[in-house]
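# Close look at the chain arrangement
For reference, the chains in residue letters:
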Amino acid sequence: MAVIQRRRAHTVAVGGVRVGSDAPVVVQSMTNTDTADAPGTIKQVAALARAGSELVRVTVNNDEAAKAVPHIIEGLEKQGIRVPVIGDFHYNGHILLKKYPACARALAKYRINPGNCSIGKKDDENFRTMIEVAVENQKPVRIGVNWGSLDQQLLTRMMDENARLPESEMKDAREVTMEAMVESAMRSAVLAEKYGLRKDQIILSAKVSGVQDLIDVYRQLAARCDYALHLGLTEAGMGAKGVVASTAGIGMLLQEGIGDTIRVSLTPAPGGDRSEEVLVAQQILQSLGIRSFTPQVTACPGCGRTTSTFFQEMAEQIQSYLRDKMPAWKEQYAGVEEMKVAVMGCVVNGPGESKHANLGISLPGTFEAPTAPVFVDGRLMTTLRGENIVRDFIRILDEYVESHYKRADKGEAVLGAVN
């Protein structure tokens, strides 16, 4: 694992998951089902949890959704899924949490947006009501500021104050907006403490949709407090854009030790798999050497020496095989998630790269002899030939896992998976 100096932050207990500098960086996600559809929401929460999401957030936006929450938690528990479920509240959270105490008790955490919880009011009564419910039920809260719903009174006041400064001291609108986001989060956290929450019951976030804006606002927020921080771009986007932008922003902050839990807010394609955001979040952490979730496959990009697509197909098959096997392996073998596998396409870098992996295979490139040397822990073990190279390599892979990773009871395996 990489040695990154984490920013010191209070550690918050969210159900059975710890979020803070004394715990591993936590992966979380959010459903896009209608929460009132309990069976559909149970199905998606379960899928996200099985993909590796350690916290799952659901929208609680109306009476039907609030009524469904206890049934969703119960349905998940019947499947043996005990992932903490977070309620996402906007506008009417103070009403729903008071009106449906079973919902308030069932949720593991509340997300409150200070920019819209007191719309139309001149005081913080609605915010206070939600904090008091959290205190009564001993639930942590994420105070989630978002620049798309930033407190307009606060922003206007700060813009006006900036306009009255001498021209040489005036800041541009972007700078004032970033400062207003940090100020909103900090003021709300102070109020939350005033109304009874402890520092170890508060998580802050300040989400924007631009990478550089994300980096700047979280640097400011991290410098001003010791609350646990939730990282993520809001509306990261679809496909490559969303993946690259999230990786660039979240990765930079994590490298600086900022961030205690992350969510990659990808827009799925119609009918797409919501779990993709979980896999991307895991890969960000694993690529930085912060956590390990599944064995990694190194594969060359291919060139004129590899006109056959065989090595690409094999790399994909091996990666899929590893991911399919991991749910069972992580219960049986401690540390298997840190295994490295190389599937290389020709003699140029193939043998060398394979020697750096736990297991590696160097497939024959164009015009090379039809042989595939296999390296185990840096040493040539055997050479594969013929039509069954993939099958034979998977057999070697299974034997390696069986012989090199300690069989563990469930508790040991889970501990190995989160460190």
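Residues numbered from 1 in each chain as written. Predicted model: local features only at pLDDT ≥ 70, side-chain atom pairs only at ≥ 80, totals over all residues. Heavy atoms only, no water.

## A word on the pairing of strand β15 (residues 359-362)
- Neither face of β15 is left uncovered, since the one carrying Leu359 and Ile361 and the one carrying Gly360 and Ser362 both have all their residues buried.
- Note: strand β14 (residues 340-344) against β15, four bridges, orientation parallel. Bridge pairing links Val341 to Leu359 in β15.
- Taken together, β14, helix α12 (residues 350-356) and β15 constitute a β-α-β crossover, and its handedness is right-handed.
- With three bridges connecting them, β15 and strand β16 (residues 372-376) associate as antiparallel partners. By the bridge assignment, Ile361 is partnered in β16 with Val374. (Buried < 20%, exposed > 50% of the residue type's maximum accessible area, 1.4 Å probe, protein only. Helix = DSSP H or I, 4+ residues; strand = E, 2+ residues; numbered from the N terminus. Pairing = 2+ DSSP bridges. Right-handed = clockwise from strand over helix to strand, strands pointing away.)

## Focus: the side chain of His94
- Tracing the sequence through the fold places His94 in helix α3 (residues 93-99).
- Look at His94 and you get buried, because its relative accessible area is 15%.
- Among the polar contacts made by the side chain of His94, one reaches the side chain of Asn126 at a distance of 3.5 Å.
- Residues in contact with His94, not counting those within four places in the same chain, are Cys117, Asn126, Thr129 and Met130. (Polar contact = N/O pair within 3.5 Å; in protein donor to acceptor, adjacent residues only side chain to side chain. Contact = heavy atoms within 4.5 Å.)

## Some remarks on the packing of helix α8 (residues 211-224) against helix α9 (residues 239-255)
- Following both chains from N to C, one finds α8 and α9 inclined at 20°, their axes separated by 9 Å at the closest point. In terms of their interaxial angle, α8 and α9 are classed as roughly parallel. When the axes of α8 and α9 are compared, the crossing they make is right-handed. Here Val211, Leu214, Ile215, Tyr218 and Arg219 of α8 come into contact with α9, specifically with Ala245, Ala248, Gly249, Ile250, Met252 and Leu253.
- A breakdown of the residues in the contact of α8 with α9 according to their chemical character gives nine nonpolar, one polar and one charged. (Axes fitted to C-alpha atoms, helices over the stretch in contact; angles between N-to-C directions. Parallel < 35°, antiparallel > 145°, perpendicular 65-115°, else oblique. Left-handed = near helix turned anticlockwise from the far one by under 90°. Nonpolar A, V, L, I, M, F, W, Y, C, P; charged D, E, K, R; others polar.)

## Side note on the sheet that holds strand β9 (residues 228-231)
- On the basis of which strands lie adjacent, the closed barrel formed by eight strands has the order β3-β4-β5-β6-β7-β8-β9-β11 and parallel pairing.
- Two strands pair when backbone bridges link them, and strand β5 (residues 85-89) and strand β6 (residues 109-112) are joined in this way by four bridges, in the parallel orientation. Bridge pairing links Phe89 to Ile112 in β6.
- In this fold α8 packs onto β8 (202-207) and β9, with an angle of close to 150° to the strand it touches most, β8.

## Some details on the pattern of salt bridges
- Taken as a whole and judged by the stated rule, the model has 21 salt bridges.
- Glu132 is paired through a salt bridge with Arg128; the nearest N and O atoms lie 2.9 Å apart. A residue pair is termed a helical-turn pair when its members lie 3 or 4 positions apart in one helix, as Glu132 and Arg128 do in helix α5 (residues 125-137) at four residues.
- According to the relative accessible area criterion, Glu132 is partly exposed, its value standing at 36%. (Salt bridge = Lys/Arg side-chain N within 4 Å of Asp/Glu carboxyl O.)

## Topic: the sheet that holds strand β13 (residues 296-299)
- Strand order across the open sheet formed by five strands is β13-β14-β15-β16-β17, with mixed pairing between neighbours. Taken across any chain shown, the strands that pair with only one partner, and hence form the sheet edges, are β13 and β17 (379-384). The average angle at which neighbouring strand axes cross in this sheet is 20°, direction not considered.

## What to know about the packing of aromatic side chains
- Evaluation of the coordinates by the stated rule reveals three aromatic pairs.
- Arranged with centres 6.1 Å apart and planes meeting at 85°, the rings of Phe89 and Tyr110 form a pair that is edge-to-face. Highlighted residues: Phe89 in strand β5 and Tyr110 in strand β6, separated in sequence by 21 residues.
- Centroid distance Tyr321 to Trp329: 6.3 Å. Interplanar angle 80°. Geometry classified as edge-to-face. (Phe/Tyr/Trp six-rings, centres within 6.5 Å; stacked < 30°, edge-to-face > 60°.)

## Section: unusual backbone geometry
- The phi torsion at Tyr91 lies on the positive side, around 65°, for a residue other than glycine.
- Locating Tyr91 in the fold gives a position in the loop between β5 and α3.

## Topic: the environment of Val297
- In this fold, Val297 is placed in strand β13.
- With 21 residues separating them along the chain, Val297 and Glu276 place their C-alpha atoms 18 Å apart.
- Not counting the four nearest positions on each side in its chain, Val297 is found in contact with Ala315, Ile318, Gln319, Leu322, Val341 and Val343.

## A word on the confidence of the model for the protein chain
- Here the protein chain averages 92 in pLDDT, while 95% of its residues score no lower than 70.
- Here residues 411-419 is a poorly scored stretch, pLDDT under 50, and it has 15 contacts once near neighbours within four places are set aside; other chains count. (pLDDT = per-residue confidence, 0-100.)

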